[in-house]
Amino acid sequence: MYTIAALYHFTRFDDPAAIKGPLAKLCCNAGVKGTLLLAPEGINGTIAGPRAGIDAVLAHIRALPGCADLEWKESTSDTPPFGKMKVRLKREIVTMGQPDVDPAARVGHYVDPADWNDLIGREDVAVIDTRNDYEVAIGSFNGAIDPATRSFGEFPAWWEENKHRFHNKKVAMFCTGGIRCEKSTNYLLGQGVEDVFHLKGGILKYLEEVPADESTWQGECFVFDGRVSVGHGLQVGPHLLCHACRRPILPADQHRPEYEAGVSCHHCVNETSAEDKARFRERQKQIELARARGEDHLSGPMVPDKA
């Protein structure tokens, strides 16, 4: 059984590059795989491995400057969610492209999962899903507004175009694990919105703690690891991943004429050129040859570093 830990923490790292080497070495020695992003604003990622290995990596991260109160969400999988370990340096741990946004300074009011249904059921509350369009497509909360953004960096422009819709409204926001809401709620506060709330621990914490018969969640939640999607109780969902566009698909979608493993699906078949598809076919060929040799080339989206 593999322990999966999803984490993020906003804190000031003066030299993220100095943190990268020791952290990557520890992960590899501990049998931990996944992706961790480091930036001057903090750390973000999802990792998986044996219980002892995860504990060692979390202890190391908590010892980093400003990370003593690190929080994380855990789940398990009986198959390895990741094939390799990556520790990457980034400008932001979740890309919004707003240099004045500072979640360490202030964020919206945290709302525990047990209180979320009551909040979003109020008539004076507008509920916004801050995730990307392909994530929203497979599940969201009843009545939530979908900005239909391809990336998190598009959110500020969407807000500017739609802010008139939220006059005299309280705004409740949610995302997968909470990190995007740290930035989006800080952004809205900076835009003069007075009452901003966000789901503490994100959708994952809600699905873990709120019983299915009391839930207002519909569908599945996209996750950035080999499970692809999870539902209530964090049970693994039915979705697979198109390894060409990294969007979730259902098993039945593999029988559609647009689908070719590693090359295209019905979402992306018209988004890539013939040259792109030729490269994807060659890549898929090499992956299949590696698998035949018994090499582990499991890959997939790790964390929303471009969310």
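The secondary structure content of the protein amounts to eight helices and 15 strands. Over its C-alpha atoms the protein spans a radius of gyration of 20 Å, differing by no more than 12% from the 19 Å that the globule rule assigns to 307 residues. Overall, the C-alpha framework of the protein stretches about 60 × 50 × 40 Å when taken along its three principal axes. Taking all 307 residues of the protein together, the buried fraction comes to 51%. Only carbon and sulfur atoms are counted for the fraction: they give 48% of the accessible area of the protein, which is about 14,400 Å². Looking at charge distribution, the protein has the averaged site of its 36 positive side-chain charges lying 7 Å from that of its 43 negative ones.

Turning our eyes to something else, we now look at the sheet that holds strand S5 (residues 85-89). Think of a sheet as strands paired side by side through backbone hydrogen bonds, with each pair either parallel or antiparallel. Pairing within the open sheet is mixed, and its five strands lie in the order S4-S1-S3-S2-S5. Each of the sheet's edge strands pairs with one partner strand only, and the pair in question is strand S4 (72-77) and S5. With direction set aside, neighbouring strand axes in the sheet form an average angle of 10 degrees. Strand direction decides the pairing type here: strand S1 (residues 2-10) and S4, joined by six bridges, are antiparallel. The residue of S4 that forms the bridge with leucine 7 is tryptophan 72. Sitting on the sheet, helix H2 (residues 51-62) touches S1, strand S2 (33-39), strand S3 (42-49) and S4, and the angle it makes with S3 is about 170 degrees. Helix-sheet contacts for helix H6 (residues 179-190) involve S1 and S3, and the interaxial angle to S1 is about 20 degrees.

Take the layout of surface pockets next. Reported here for the second largest pocket is a volume of approximately 560 Å³. Along the wall of the second largest pocket there are 22 residues; nearest its centre are Tyr8, Glu71, Tyr110, Glu182 and Lys200. Those elements that place two or more of their residues in the lining of the second largest pocket are S1, S4 and helix H7 (202-209). Residues that form the lining of the second largest pocket fall into these classes: 11 nonpolar, three polar and eight charged.

Phe155, Trp159, Phe166, Val171 and Leu188 are the most contacted members of the largest nonpolar core, which has 25 residues in total. Of all elements in the fold, only S1, strand S7 (125-129), helix H5 (155-162), strand S9 (170-174) and H6 reach the threshold of two or more residues within this core. In terms of residue count, the dominant contributor to this core is H6 (five residues).

So, on to the pattern of salt bridges. This model, assessed by the stated rule, comprises 19 salt bridges. Close ionic contact of aspartate 14 with arginine 12 constitutes a salt bridge, the shortest N to O distance being 3.6 Å. Residue aspartate 14 is classed as exposed on the basis of its relative accessible area of 70%. The partner of arginine 180 in a salt bridge is glutamate 135, with the nearest N and O atoms 2.9 Å apart.

Here the focus is the sheet that holds strand S10 (residues 196-199). Read across the open sheet, the four strands follow the order S6-S10-S9-S7; overall the sheet is parallel. Pairing within the sheet leaves two strands with one partner each, and these edge strands are strand S6 (109-111) and S7. Within this sheet the neighbouring strands show an average axis-to-axis angle of 30 degrees, counted without direction. Each of S6, S9 and S10 touches H6; the most contacted strand, S10, lies at about 175 degrees to it.

On to the environment of histidine 232, then. With respect to the element layout, histidine 232 can be found in the loop between strand S13 (229-230) and strand S14 (240-241). Accessibility expressed as a relative area gives 25% for histidine 232, which makes it partly exposed. Along the chain, histidine 232 and isoleucine 138 lie 94 residues apart, while their C-alpha atoms are 14 Å from each other. Not counting chain neighbours up to four residues away, the residues in contact with histidine 232 comprise Leu207, Val210, Ala212, Ser215 and Trp217. Side-chain polar atoms of histidine 232 contact the side chain of serine 215, separated by 2.7 Å.

With respect to the helices and strands, glycine 226 occurs in the loop between strand S12 (221-222) and S13. Given a relative accessible area of 43%, glycine 226 falls into the partly exposed group. C-alpha of glycine 226 to C-alpha of leucine 240: the two residues are 14 residues apart in sequence and 8.6 Å apart in space.

Next up on the list: the environment of isoleucine 54. Take isoleucine 54: it is sitting in helix H2. Separated by 49 residues in the primary sequence, isoleucine 54 and alanine 5 have C-alpha atoms spaced 7.4 Å apart. Excluding anything up to four places from it in sequence, isoleucine 54 contacts Thr3, Ala5, Val32, Ile47, Ala48 and Gly49.

Further remarks concern the confidence of the model for the protein. The pLDDT averaged across the protein works out to 94; a share of 96% of its residues lies at or above 70. Counted against residues more than four places away or in other chains, residues 299-307, with its pLDDT under 50, gives 40 contacts.

By the element assignment, serine 215 lies in the loop between H7 and strand S11 (217-219). With near-sequence residues (within four places) excluded, serine 215 lies in contact with Asn117, Tyr206, Val210 and His232.

Criteria and thresholds
- Residues numbered from 1 in each chain as written.
- Predicted model: local features only at pLDDT ≥ 70, side-chain atom pairs only at ≥ 80, totals over all residues.
- Heavy atoms only, no water.
- Helix = DSSP H or I, 4+ residues; strand = E, 2+ residues; numbered from the N terminus.
- Rg over C-alpha atoms; globule rule 2.2 N^0.38 Å.
- Buried < 20%, exposed > 50% of the residue type's maximum accessible area, 1.4 Å probe, protein only.
- Areas by Shrake-Rupley, 256 points an atom, 1.4 Å probe, with all protein chains shown as cover.
- Lys, Arg positive; Asp, Glu negative; His and termini not counted.
- Charge placed at Lys NZ, Arg CZ, Asp CG, Glu CD.
- Pairing = 2+ DSSP bridges.
- Axes fitted to C-alpha atoms, helices over the stretch in contact; angles between N-to-C directions.
- Contact = heavy atoms within 4.5 Å.
- 1 Å grid on protein atoms, 1.4 Å probe; cavity = no way out; pocket = protein on both sides within 12 Å on 5 of 7 lines; lining within 4 Å.
- Points joined across faces, edges and corners; volume = space filled by probe spheres on them.
- Nonpolar A, V, L, I, M, F, W, Y, C, P; charged D, E, K, R; others polar.
- Core = buried A, V, L, I, M, F, W, Y, C linked by side-chain atoms within 4.5 Å.
- Salt bridge = Lys/Arg side-chain N within 4 Å of Asp/Glu carboxyl O.
- Polar contact = N/O pair within 3.5 Å; in protein donor to acceptor, adjacent residues only side chain to side chain.
- pLDDT = per-residue confidence, 0-100.

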